[in-house]
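What follows is the residue order along each chain.
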Amino acid sequence: MDPEIAALAGTAGTTLVTLLATDTWHSVRDGLVTLWQRARPDRAPAVAAELDAARAEVLTAQAIGDRDTEAEVGAEWQGRIRRLLSAHPELVDDLRTLLNEVAPDSAAVPVVTQHATASGQARVYQAGRDMRLGPQ
């Protein structure tokens, strides 16, 4: 998997969930639907409906303080966007432009490279972003 695509998809998934409850939501939704329309026109209407359902799910989760659901929705869309970009890398610049328009701070996607070696009974914990250890 291309690390740049994975990082961009991760940023897009996080940005999507962050902006679901804002005035920017319609721009994000329309931009993502446009990406699907260009790559998979047959799926674009379903993606629009799925984005609307994701918004409703996140708004409900936020109302009851359910951070896990927010994270799950973000991860789900991260995967969908990563698969779209992997199949259609020509959309990478378009997604980057969309992210820059709706959330200028998110467009600078850092590429994280990690290497670890463990031996014996050692454990290695790595995260490119948030990490939670222990009971939640």
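Computed from a predicted model, the values in this text were never measured in an experiment.

**A short note on the side chain of Glu-70**
Phase 1: As for its placement among the helices and strands, Glu-70 is situated in helix α4 (residues 67-87).
Phase 2: Those residues within four positions of Glu-70 in sequence are excluded, and the remaining contacts are Val-17, Val-58, Ala-61 and Gln-62.

**Regarding the pattern of salt bridges**
Phase 1: Considering all chains together, one arrives at ten salt bridges under this definition.
Phase 2: Ionic pairing is found between Arg-38 and Asp-94, a salt bridge with its closest N-O pair at 2.3 Å. Placement of the pair is Arg-38 in helix α2 (residues 25-39) and Asp-94 in helix α5 (residues 92-102), with a sequence separation of 56 residues.
Phase 3: Under the relative-accessibility criterion, Arg-38 is labelled exposed at 51%.
Phase 4: With relative accessibility at 28%, the residue Asp-94 sits in the partly exposed group.

**Some details on the environment of Arg-38**
Phase 1: Separated by 53 residues in the primary sequence, Arg-38 and Leu-91 place their C-alpha atoms 8.6 Å from one another.
Phase 2: Those residues in contact with Arg-38, other than ones at most four positions away along the chain, are Leu-91 and Asp-94.

**A word on the nonpolar core**
Phase 1: Membership of the largest hydrophobic core comes to 33 residues, with the highest contact counts inside it found for Leu-16, Leu-32, Leu-51, Trp-77, Ile-81, Leu-85 and Leu-95.
Phase 2: For this core, the secondary-structure elements that each account for two or more residues are α1 (3-19), α2, α3 (44-64), α4 and α5.
Phase 3: Excluding residues that lie within four positions of it along the chain, Leu-95 makes contacts with Leu-8, Ala-12, Leu-32, Leu-35, Ile-81 and Leu-85.

**Structural notes on the confidence of the model for the chain**
Phase 1: Model confidence for the chain is summarised by a mean pLDDT of 85, while 90% of its residues fall at 70 or above.
Phase 2: In the model of the chain, α1 stands out as the element of lowest mean pLDDT, 85, in contrast to α3, which has the highest, 94.

**Remarks on α1**
Phase 1: Under the 1.5 Å per step criterion, the end-to-end length of α1 is 24 Å for 17 residues, consistent within 8% with the ideal 24 Å.
Phase 2: Taken across its 17 residues, α1 has twelve buried, putting it largely inside the fold.
Phase 3: Every buried residue belonging to α1 is among Ile-5, Ala-7, Leu-8, Ala-9, Gly-10, Thr-11, Ala-12, Gly-13, Thr-15, Leu-16, Val-17 and Leu-19, and all of these are buried.
Phase 4: Looking at the packing, one finds that the buried side of α1 touches α2, α3, α4 and α5.

**Considering the packing of aromatic side chains**
Phase 1: Throughout the structure, instances matching the rule amount to one aromatic pair.
Phase 2: Ring geometry for Trp-36 against Trp-77: centres 6.1 Å apart, planes inclined by 85 degrees, an arrangement best described as edge-to-face. Of this pair, Trp-36 sits in helix α2 while Trp-77 sits in helix α4, and the two are 41 residues apart along the sequence.
Phase 3: We note Arg-80 situated over the ring of Trp-77; from NZ or CZ to the ring centre the distance is 4.4 Å.

The rules behind these values
Residues numbered from 1 in each chain as written. Predicted model: local features only at pLDDT ≥ 70, side-chain atom pairs only at ≥ 80, totals over all residues. Heavy atoms only, no water. Helix = DSSP H or I, 4+ residues; strand = E, 2+ residues; numbered from the N terminus. Contact = heavy atoms within 4.5 Å. Salt bridge = Lys/Arg side-chain N within 4 Å of Asp/Glu carboxyl O. Buried < 20%, exposed > 50% of the residue type's maximum accessible area, 1.4 Å probe, protein only. Core = buried A, V, L, I, M, F, W, Y, C linked by side-chain atoms within 4.5 Å. pLDDT = per-residue confidence, 0-100. Expected span 1.5 Å × (residues − 1). Phe/Tyr/Trp six-rings, centres within 6.5 Å; stacked < 30°, edge-to-face > 60°. Lys NZ or Arg CZ within 6 Å of the ring centre and 35° of its normal.

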